[in-house]
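# Structure at a glance
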Amino acid sequence: MSIQAELHATVQALVQPGKGILAADESHPTIAKRFKAVGVESTEDKRQEYRSLIFSTPGLGEFISGVILFEETLGQNSLERVTIPDLLKSQGIVPGIKVDKGKKPLVNALGDEITYGLDGLDDRLEIYKNQGARFAKWRAVYNISDTLPSRQAVEANAEMLARYAALCQAIGVVPIVEPEVLIDGDHTIGRSAEVNEIVIAEVFNALRRHRVQLETIILKPSMVTPGKECAKALPEDVAEATLRVFRRVVPAAVPGINFLSGGQTPEEATLNLNAMNSFGQQPWYLSFSYGRALQEPAQKAWAGNLNNRSQTQAAMLKRARLNGAAAQGLYTP
Ligand code: 13P
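Read on for an overview of the structure. It should be emphasised that the depicted structure is a prediction, and the values quoted were computed from it without experimental measurement.

It is worth spelling out the site of the ligand at this point. Near the ligand you find A23, R139, E178, L260, S261, G262, Y290, G291, R292 and A293, and these make up its full shell. A per-class count over the shell around the ligand returns four nonpolar, three polar and three charged.

For the bond from L148 to P149, the omega torsion is -5°, close enough to zero to count as cis. Assignment of secondary structure puts P149 in the loop between β6 (135–142) and α7 (151–170). Not every positive phi belongs to a glycine, and R81 is a case in point at roughly 70°. Residue R81 is classed as exposed on the basis of its C-beta count, with 8 C-beta atoms lying within 10 Å.

Turning next to the nonpolar core. Core analysis: the largest hydrophobic core is formed by 97 residues, its most contacted members being V67, A136, L161, A165 and V203. Not counting chain neighbours up to four residues away, the residues in contact with V67 comprise L22, A24, F55, L88, I93, P95 and G96.

Okay, the packing of helix α10 (residues 266–276) against helix α12 (residues 309–326) next. Taken N-terminus to C-terminus, the directions of α10 and α12 make an angle of 20°; their axes are 8 Å apart at the nearest point. As summarised for this structure, α10 and α12 are arranged roughly parallel, according to the angle between their axes. Contacts from P266, T270, L273 and N274 in α10 reach R319, L322, N323 and A326 in α12. Taken together, the residues that form the contact of α10 with α12 break down as four nonpolar, three polar and one charged.

The next point concerns helix α11 (residues 292–302). Turning to α11, its buried residues number three or more, namely A293, L294, Q295, A298, Q299, A301 and W302. Looking at the buried residues of α11, the elements they touch are β1 (20–24), α2 (28–37), α3 (44–55), α10, β10 (285–290) and α12. Note on α11: the residue one or two positions beyond its end, A303, has a positive phi of about 50°.

If you walk around this closed barrel you meet the eight strands as β1-β2-β3-β6-β7-β8-β9-β10, and the pairing is parallel. In this fold helix α8 (residues 189–209) packs onto β6 and β7 (174–181), with an angle of close to 150° to the strand it touches most, β7.

Thresholds applied
- Residues numbered from 1 in each chain as written.
- Predicted model: local features only at pLDDT ≥ 70, side-chain atom pairs only at ≥ 80, totals over all residues.
- Near = placed C-beta within 6 Å.
- Nonpolar A, V, L, I, M, F, W, Y, C, P; charged D, E, K, R; others polar.
- Helix = DSSP H or I, 4+ residues; strand = E, 2+ residues; numbered from the N terminus.
- Buried ≥ 20, exposed ≤ 12 C-beta atoms within 10 Å, placed from the backbone.
- Core = buried A, V, L, I, M, F, W, Y, C linked by C-beta atoms within 7 Å.
- Contact = placed C-beta atoms within 7 Å.
- Axes fitted to C-alpha atoms, helices over the stretch in contact; angles between N-to-C directions.
- Parallel < 35°, antiparallel > 145°, perpendicular 65-115°, else oblique.
- Pairing = 2+ DSSP bridges.

These values are about where atoms sit, not about what they do.
Structure follows, in structure tokens:
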């Protein structure tokens with residue numbers, strides 16, 4: 001298959017009505033935090049047990065089109081001793097891989113951060129592709145305040161995202177482009193709208209500069225919401241603000257927008273996605289690429305005990321099914 005055909009086939013498999021992406025690519029420190037919340041120590045065996053358990057949930061492929069993996073998981077076997085990418089494929093799910101190396105402070109820009117990981121990325125992508133990954137993810141993070149993010153951070157992160165996306169497409173791996181404007185802080189929904197518009201507009205400037213083909217990327221943005229320390233907005237208000245920003249800055253050529261949950265509760269993330277899909281026809285398919293909002297109930301049910309298999313898988317399937325409904329505007333609480 002040509003590179004072009006590969007990219008299009010992967011996009012087609014990922015962007016399907018009633019389906020979204022499961023982000024299970026937590027780095028070691030992040031998964032340790034999630035496990036600690038349910039009283040489990042994060043070891044390689046426990047990570048394998050938990051992830052194998054949720055990925056083998058019967059029927060998961062009905063609502064989940066792709067799973068983003070961490071490098072360790074891409075090379076692991078399931079509890080049933082098939083490789084994790086093969087397990088996902090048997091569920092009709094496309095395996096993906098987080099390829100960035102995390103964030104650090106941006107020098108000379110107090111309070112801003114920049115994502116690392118471009119050096120050697122072309123070689124790593126070849127390896128990941130041989131292991132079965134068909135799409136990738138790179139996350140840029142923007143802190144938000146009255147003055148943040150700075151112009152430097154907006155431009156530097158957009159440049160990294162575009163360089164990453166171009167490298168992915170060159171070898172036939174679909175890039176998920178993730179500019180995450182954080183929910184932390186006491187900013188208003190208006191300030192979130194303003195920052196998201198600036199950030200996403202700059203990302204598309206950089207993508208164009210690097211000649212990234214927009215038809216074969218997936219955008220993974222934050223929803224436009226007030227900061228965590230502000231009063232919550234109604235789902236209709238989140239939907240209205242988010243769609244207003246996106247209509248301004250996301251070209252219609254982009255096939256899918258798969259939101260991150262970013263600290264929303266599972267219920268909020270479902271309600272907000274449903275509200276967006278109740279707003280009428282949009283140029284792009286609007287779905288989810290949730291980590292916490294899909295996995296929290298499953299992690300609680302598992303609590304480190306393999307005997308809780310059926311409860312864990314039932315919790316996983318329930319959130320996948322409800323978000324699958326929300327991706328079509330069909331969710332009723
Ligand atoms: P959350 O949905 O938990 O924000 O995770 C999505 C993700 O992949 C962040 O990079």
